[in-house]
Amino acid sequence: MASATDSRYGQKESSDQNFDYMFKILIIGNSSVGKTSFLFRYADDSFTPAFVSTVGIDFKVKTIYRNDKRIKLQIWVSAGGQGLGQD
């Protein structure tokens, strides 16, 4: 994985517009199952044992490198359960 500042491009990945592919990922699921924890763990490599429930949407950007291609991931996490057709 690349660091936040990659020496090949010299810019912070979250604001950089130079990429080969971009994927937008929406994570949905029941309340209190760990969607936001997953988001922060994957995007920031950090873990907090307690989160306040998401109201609306959480959003992170991560740039990864595979086969000499720069791939930008936009990862969205929605508030669980409410209005998503889940019981």
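Up top is the structure these notes are about.
Just so it is clear, the structure is predicted and the values come from calculations on it, not from any experiment.

1. Let's talk about the environment of isoleucine 28
Within the secondary structure layout, isoleucine 28 lies in the loop between β1 (21-27) and α1 (35-44). Classification of isoleucine 28 as partly exposed rests on a relative accessible area of 46%. Distance in space between the C-alpha atoms of isoleucine 28 and glycine 80 is 6.4 Å, their sequence separation being 52 residues.

2. Describing the sheet that holds β1
The 3 strands are arranged β1-β3-β2 in an open sheet whose pairing can be described as mixed. The sheet terminates laterally at β1 and β2 (57-66), the two strands that pair on one side only. Put simply, the sheet's adjacent strands are angled 20° from each other on average, direction ignored. Pairing of β1 with strand β3 (residues 69-78) involves 7 bridges; the strand directions are parallel. From the neighbouring strand, methionine 22 faces β3, where its bridge partner is lysine 72. Sitting on the sheet, α1 touches β1, β2 and β3, and the angle it makes with β2 is about 35°.

3. Overview of the pattern of salt bridges
A side chain of one charge can pair with a side chain of the opposite charge if their charged atoms are brought near each other. The tally for this structure, following the rule as stated, stands at 2 salt bridges. Between aspartate 45 and arginine 41 there is a salt bridge, with its nearest N and O atoms 3.6 Å apart. Judged by its relative accessible area of 46%, arginine 41 falls in the partly exposed class. Here lysine 60 and aspartate 44 are joined by a salt bridge, their closest N and O atoms 2.7 Å apart. With lysine 60 in strand β2 and aspartate 44 in helix α1, the pair connects residues that are 16 residues apart, well separated along the chain.

Cut-off values and rules
- Per chain, residue numbering runs from 1 following the sequence as it is written.
- This being a predicted model, a pLDDT of at least 70 is required before a residue's local features are given, and a value of 80 or more before pairs of side-chain atoms are given or counted; all residues contribute to the totals for chains, interfaces and linings.
- As a rule here, side-chain values come from all non-hydrogen atoms in the structure, and water together with hydrogens is ignored.
- Secondary structure elements are taken from DSSP: a helix is a run of H or I of four residues or more, a strand is a run of E of two residues or more, and numbering for both begins at the N terminus.
- Note on classification: 1.4 Å probe, protein chains only; a residue is buried when its accessible area is under 20% of the maximum for its type, exposed when over 50%, partly exposed between these limits.
- Any two strands are treated as partners once DSSP identifies two or more bridges connecting them.
- Angles here are taken between N-to-C directions and fall from 0 to 180 degrees, while the axes themselves are lines fitted to C-alpha atoms, restricted in helices to the stretch in contact.
- Contacts: residue pairs with any heavy atoms within 4.5 Å of one another.
- Salt bridges are defined by distance alone: a side-chain nitrogen of Lys or Arg within 4 Å of a carboxyl oxygen of Asp or Glu.

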